[in-house]
Amino acid sequence: MRVVVFVDEHDDQASFLQRVVPVLPSGAELHLVHVVNPLVDAADRFALSNAEALAGLAAEWRTRLEALAAAVSGATCAVETLHHGEDVSTGLLRVAAEAGAGLIALATRRAGTM
């Protein structure tokens with residue numbers, strides 16, 4: 001079973017993963033994902049174009065996710081971008097479906113729970 005773990009900037013990602021990994025089904029594949037909202041996440045970045053700002057943001061998130069994934073054997077990671085007009089919850093569900101998720105783990109913002 002593939003488990004998609006959504007990570008955002010407000011999560012304490014390392015401690016969240018420490019809570020997620022022990023409750024995963026045996027043999028589960030962990031896939032860490034950050035979803036970029038172009039209208040919000042790239043708004044304060046200085047770049048020649050929105051595409052360039054998003055590319056820089058995606059590269060930064062990929063580095064962060066790869067560092068987290070390195071702590072979990074076999075974990076993979078991806079940075080996805082919301083489609084035009086797509087709200088965050090719809091985007092999360094689309095990304096999970098495209099990744100073949102059997103389970104989604106999502107931290108509640110700053111509450112320390114999942």
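Above this text is the structure in question.
Here's what I pulled together on the structure shown here. On a predicted model such as this, the values are computed, not experimentally measured, just so you know.

## Digging into helix H3 (residues 50-69)
An α-helical segment advances 3.6 residues per turn. Residues three or four places apart therefore align on the same side.
Okay, so step 1: When the terminal C-alpha atoms of H3 are compared, their 28 Å separation across 20 residues agrees well with the 28 Å that a helix rising 1.5 Å per residue should span.
Okay, so step 2: For H3, the complete set of buried residues consists of Ala-53, Leu-54, Leu-57, Trp-61, Leu-65, Leu-68 and Ala-69. In an axial view of H3, the angular spread of the buried residues amounts to 130°, which keeps them on one side of the axis. Relative to its buried face, H3 has exposed residues pointing more than 90 degrees away, namely Thr-63 and Ala-67.
Okay, so step 3: Residues of H3 that are buried sit in contact with helix H1 (13-20), strand S2 (29-36), helix H2 (38-41) and strand S3 (76-81).

## Structural notes on the sheet that holds strand S1 (residues 2-6)
The strands that make up a sheet pair up through hydrogen bonds in the backbone, lying either parallel or antiparallel.
Okay, so step 1: In space, the 4 strands of this open sheet follow the order S3-S2-S1-S4, with parallel pairing throughout. Two strands lie at the open edges of the sheet, namely S3 and strand S4 (101-106), each paired on one side alone. Pairwise comparison of adjacent strand axes, ignoring direction, gives a mean angle of 25° for this sheet.
Okay, so step 2: Pairing of S1 with S4 involves 5 bridges; the strand directions are parallel.

## Examining the pattern of salt bridges
Okay, so step 1: With the rule as written, the count across this model stands at 4 salt bridges.
Okay, so step 2: The residue Glu-66 makes a salt bridge to Arg-62 at a minimum N-O spacing of 3.9 Å. One end of the pair, Glu-66, and the other, Arg-62, are both in helix H3, 4 residues apart, so they sit about a helical turn from each other.
Okay, so step 3: Looking at Arg-62, the relative accessible area reads 33%, which means it is partly exposed.

Each value, and the rule that gives it
Counting from 1, residues in each chain are numbered in the order their sequence is written. The predicted nature of this model means local features are confined to residues of pLDDT at least 70 and side-chain atom pairs, given and counted, to a pLDDT of 80 or more, with totals for whole chains, interfaces and linings taken over all residues. Only hydrogens and water are removed before side-chain values are computed, so all heavy atoms of the structure are retained for them. Comment: elements are numbered from the N terminus, with helices defined as DSSP H or I runs of at least four residues and strands as E runs of at least two. Residue count minus one, scaled by 1.5 Å, sets the expected span of a helix. A simple rule labels every residue: compare its accessible area, found with a 1.4 Å probe on the protein chains alone, to the largest value its type can have, and call it buried under 20%, exposed over 50%, or partly exposed in between. The reported arc concerns the directions from the helix axis to the C-beta atoms and nothing else. Note on contacts: a residue pair qualifies if any of its non-hydrogen atoms lie within 4.5 Å across the two residues. By definition, two strands form a pair when at least two bridges between them are found by DSSP. Think of each axis as a best-fit line through the C-alpha atoms, taken over the contacting stretch in the case of a helix, with angles from 0 to 180 degrees between the N-to-C directions. Whenever Lys or Arg places a side-chain nitrogen within 4 Å of a carboxyl oxygen from Asp or Glu, that contact is recorded as a salt bridge.

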